[in-house]
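One letter stands for each residue in the lines below.
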Amino acid sequence: MALSDRKLKILEAIITDYIETAEPIGSRTIAKKYDLGISPATVRNEMSDLEEMGLIEQPHTSAGRIPSDKGYRLYVDNMMQSSSGLSGSQAEYLAKAINYNVTKIEYLMQQTAKAISMLTNYTAVVSEPVDNQVKVKHIQLVPVDERSIVAVIVTSDNTVKNSVIKIKTMPDTNTLAKISKSINSLISNVSLEEINREFAAAVFDVFPEYQETIAKVLKVVISDLRHNRDVHLYTSGVRNMLGFPEFNDLDKIKNIFQTFEEKEMLVSLLGNEDNPADKVQILIGNENSIEELKDCSVIRANYKFGNNSIGRIGIVGPTRMNYSQTVSVLNEIVKTLDNFMSNGLLEE
């Protein structure tokens with residue numbers, strides 16, 4: 001069944017009205033309110049076709065119709081008009097929230113999440129930038145006592161980490177220096193993914209009697225590289241969900257609140273570094289992988305910090321969220337963060 005211009009106008013009217021009112025809309029109201037130049041009977045026939053196409057649906061307790069996830073997807077991909085951007089007062093608020101006396105990354109992330117929730121009235125999740133390209137620059141093994149050595153690990157971002165390692169057999173000073181040199185020759189500029197069994201075996205072959213020590217050193221290296229990828233998250237506006245009538249159901253809102261307490265779920269919600277850094281992604285209802293958020297939409301984007309570091313922003317609201325305005329806010333936030341961080345205003 002083809003989607004005529006008339007059907008598209010009716011679908012747009014249903015979506016626009018439902019975003020504003022959260023109430024199902026009937027054919028008579030559409031014909032009267034949106035001045036489409038057709039009778040309620042004609043609107044009703046067209047709505048029947050739209051329902052058959054899966055673009056709108058009927059709630060159990062209402063004679064009116066509401067958009068389906070499929071209907072929202074069609075709207076977002078083909079019908080949504082670009083927002084005029086932030087108002088003067090909104091832009092001023094954003095500038096003050098992010099630029100005023102912000103020198104620490106933690107405070108910047110808190111302010112960013114707060115600004116998003118204030119400007120959209122939805123829930124914001126923001127991650128600190130993470131350098132996904134950090135590699136090992138240098139390792140030095142230093143004896144402490146008969147059963148302990150310190151592994152001094154320097155990574156490509158010039159982070160230095162000292163880790164005490166307990167061992168059964170202490171190599172002599174000369175051998176320990178050779179082990180350090182051997183590991184360095186293999187591990188220099190190596191990423192986390194490249195430290196595998198074959199890599200470890202190459203070092204074991206040189207010093208077979210010290211495999212336990214070498215294995216513990218490599219374990220510490222892997223732990224440090226993973227720590228560099230540990231995502232720090234900041235949320236704001238979770239309670240905003242209580243203001244939407246579609247979340248009046250206690251079990252439903254409880255599940256949503258629990259989701260925002262689970263770090264792994266929030267990391268999944270934000271996506272990964274494969275997301276295009278210059279593109280906003282919109283996940284509607286069941287399109288996102290988190291079952292507890294099937295009645296929500298997620299709008300997300302990445303922002304840059306330097307050449308390799310990427311941070312992520314997600315905005316969560318009901319599926320009837322104002323997509324155009326929310327995308328506009330997110331684009332402005334990303335642009336502001338990119339400019340702010342490229343100017344080197346944060347303290348190390």
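Note: the structure precedes this text.
Participant: How do you make sense of the overall build of the protein chain when you look at a structure like this?
Facilitator: Scanning the protein chain from N- to C-terminus turns up 12 helices and 11 strands. Counting only residues that meet the buried cut, the protein chain has 47% of its 348 residues in that class. In the protein chain, once contacts between residues fewer than 6 apart in sequence are set aside, the share between residues at least 24 apart is 61%. For the protein chain, the computed accessible surface area is about 18,300 Å², with 46% contributed by carbon and sulfur atoms.

Participant: Got a minute to help me understand the packing of aromatic side chains in this structure?
Facilitator: For any pair of aromatic rings, geometry is given as the distance between the ring centres together with the angle between the planes. In the structure shown here, the tally under the stated rule is three aromatic pairs. A centroid spacing of 5.9 Å and a plane angle of 55 degrees characterise the contact between Tyr-72 and Tyr-323, whose relative ring orientation is tilted. With Tyr-72 in helix H4 (residues 69-79) and Tyr-323 in helix H12 (residues 323-342), this pair connects stretches of sequence that are 251 residues apart. Considered together, Tyr-72 and Tyr-323 belong to a single accessibility category, that of buried residues. Linked through ring pairs, Tyr-122, Phe-244 and Phe-247 together constitute an aromatic cluster.

Participant: Explanation requested: the pairing of strand E6 (residues 148-155) in the structure shown.
Facilitator: Within a regular beta strand, the side chains point alternately toward one face of the sheet and then the other, so they alternate between its two faces. Of all eight residues in E6, seven are buried, a share of seventy percent or more. Two elements, strand E5 (residues 136-145) and E6, share eight bridges in a ladder whose sense is antiparallel. Counterpart to Val-136 in the pairing with E6 is Thr-155. The antiparallel pairing of E5 with E6 creates a hairpin that spans two residues between the two strands. Pairing analysis gives seven bridges linking E6 to strand E7 (residues 160-166), with the strands arranged antiparallel. Within E7, the residue paired with Val-154 across the bridge is Val-160.

Participant: Would you mind showing me how to read the environment of Glu-146 here?
Facilitator: Within the fold, Glu-146 resides in the loop between E5 and E6. We classify Glu-146 as exposed; its relative accessible area is 63%. With 20 residues separating them along the chain, Glu-146 and Lys-166 place their C-alpha atoms 9.3 Å apart.

Participant: Whenever I open this one, the packing of helix H1 (residues 5-21) against H4 confuses me. Can you help?
Facilitator: Angle between the axes and distance between the axes: these two values describe a pair of packed helices. The N-to-C vectors of H1 and H4 enclose an angle of 110 degrees; their axes lie 11 Å apart at closest approach. As the angle between them shows, H1 and H4 are arranged roughly perpendicular. Counting all contacts with H1, which are made through Leu-8, Leu-11, Glu-12, Ile-15 and Tyr-18, the residues of H4 involved are Gly-71, Tyr-72, Leu-74, Tyr-75 and Met-79. In the contact of H1 with H4, the residues fall into eight nonpolar, one polar and one charged.

Participant: Looking at this structure, how should I read the environment of Ser-163?
Facilitator: Assignment of secondary structure puts Ser-163 in strand E7. Measuring from C-alpha to C-alpha, the distance between Ser-163 and Val-217 comes to 9.0 Å, with 54 residues separating the pair along the chain. When sequence neighbours within four positions are dropped, the list of residues in contact with Ser-163 reads Ile-149, Val-150, Ala-151, Val-220 and Asp-224.

Participant: I would appreciate a short explanation of H1 in the present structure.
Facilitator: Because the α-helix completes a turn every 3.6 residues, residues three or four places apart line up on one side. With 17 residues, H1 should reach 24 Å at 1.5 Å per residue; the first-to-last C-alpha distance of 24 Å fits that figure. Three or more residues of H1 are buried, namely Lys-7, Ile-10, Leu-11, Ala-13, Ile-14, Ile-15, Asp-17, Tyr-18 and Ile-19. Turning to H1, the residues buried within the fold contact helix H2 (27-33), helix H3 (40-52), strand E1 (56-57), strand E2 (66-67) and H4. Looking one or two residues past H1, Ala-22 carries a phi angle of roughly 60 degrees, positive in sign.

Participant: Just checking my understanding: could you explain the sheet that holds E7 for this structure?
Facilitator: Whenever strands of a sheet pair, they do so through backbone hydrogen bonds, lying parallel or antiparallel. In space, the three strands of this open sheet follow the order E5-E6-E7, with antiparallel pairing throughout. Either end of the sheet is taken by a strand with one partner, and the two such strands are E5 and E7. If you compare each strand with its neighbour and ignore which way they point, the axes differ by 20 degrees on average.

Participant: How should I be thinking about the nonpolar core in this particular structure?
Facilitator: A general trend in soluble globular proteins is that nonpolar side chains are found buried together. Formed by 73 residues in total, the largest nonpolar core has its most connected members in Met-109, Ile-313 and Tyr-323. The greatest single-element share of this core, amounting to nine residues, is contributed by H12. Discounting chain neighbours no more than four positions away, the residues touching Met-109 are Val-126, Ser-127, Glu-128, Pro-129, Tyr-234, Tyr-303, Leu-337 and Met-341. In this structure, Ile-165, Leu-176, Ile-187 and Val-221 belong to the second largest nonpolar core, which totals 23 residues.

Participant: Mind showing me how you'd approach the side chain of Lys-7 here?
Facilitator: Residue placement: Lys-7 occurs in helix H1. For Lys-7, the side chain forms a polar contact with the side chain of Asp-49, separated by 3.4 Å.

Participant: Looking at this model, I keep getting lost on the layout of surface pockets. Mind explaining?
Facilitator: Rolled over the atoms, a probe as big as a water molecule pinpoints where empty space is left. Roughly 370 Å³ of internal volume is contained in the second largest pocket. Lining the second largest pocket are 18 residues, and of these Tyr-18, Glu-57, Ile-66, Asp-295 and Thr-319 lie nearest its centre. Broken down by secondary-structure element, the contributors of at least two residues to the lining of the second largest pocket are E2 and H4. For the lining of the second largest pocket, the class distribution of residues is seven nonpolar, five polar and six charged.

What counts, and at which threshold
- Residue positions are given per chain, counted from 1 along the sequence in the order it is written.
- Note on the predicted model: pLDDT of at least 70 is required for a residue's local features to be given, and 80 or more for side-chain atom pairs to be given and counted; whole-chain, interface and lining totals, by contrast, use all residues.
- Excluding hydrogens and water, the side-chain figures rest on all heavy atoms present in the structure.
- Secondary structure is summarised from DSSP: a helix means a run of H or I of at least four residues, a strand means a run of E of at least two, and numbering begins at the N terminus for each.
- Each residue gets one of three labels from its accessible area relative to the maximum for its type: buried under 20%, exposed over 50%, partly exposed in between, using a 1.4 Å probe on protein chains only.
- Here a residue-residue contact requires only that any non-hydrogen atoms of the pair lie within 4.5 Å.
- Only the protein chains shown count as cover for residues, with accessible areas throughout obtained via the Shrake-Rupley method and a probe of 1.4 Å.
- When two rings of Phe, Tyr or Trp (its six-membered ring) have centres within 6.5 Å they constitute a pair, described as stacked for plane angles under 30 degrees, edge-to-face for angles over 60, and tilted for the intermediate range.
- Pairing between strands is defined by DSSP: at least two bridges between them are needed.
- Every axis in this analysis is a line fitted to C-alpha atoms, fitted for helices over the stretch in contact. Angles between the N-to-C directions lie between 0 and 180 degrees.
- Roughly parallel means an angle under 35 degrees; roughly antiparallel means over 145; roughly perpendicular covers 65 to 115; every other angle is labelled oblique.
- Lys, Arg, Asp and Glu make up the charged group, whereas Ala, Val, Leu, Ile, Met, Phe, Trp, Tyr, Cys and Pro make up the nonpolar group; the residues left over, Gly among them, are polar.
- Residue count minus one, scaled by 1.5 Å, sets the expected span of a helix.
- Buried Ala, Val, Leu, Ile, Met, Phe, Trp, Tyr and Cys residues that are joined via side-chain atoms within 4.5 Å together make up what is termed a nonpolar core.
- Any N or O atom pair separated by 3.5 Å or less is treated as a polar contact, with the protein-specific requirement of one donor-capable and one acceptor-capable atom, and with residues adjacent in sequence counted only for side-chain atom pairs.
- Both site types are read off a 1 Å grid over the protein atoms alone. A 1.4 Å probe that fits but cannot get out defines a cavity, while an open set with protein on both sides within 12 Å along at least five of seven lines defines a pocket; lining residues have an atom within 4 Å of a point.
- Grid points are joined across faces, edges and corners, and a volume is the space filled by probe spheres set on the points.

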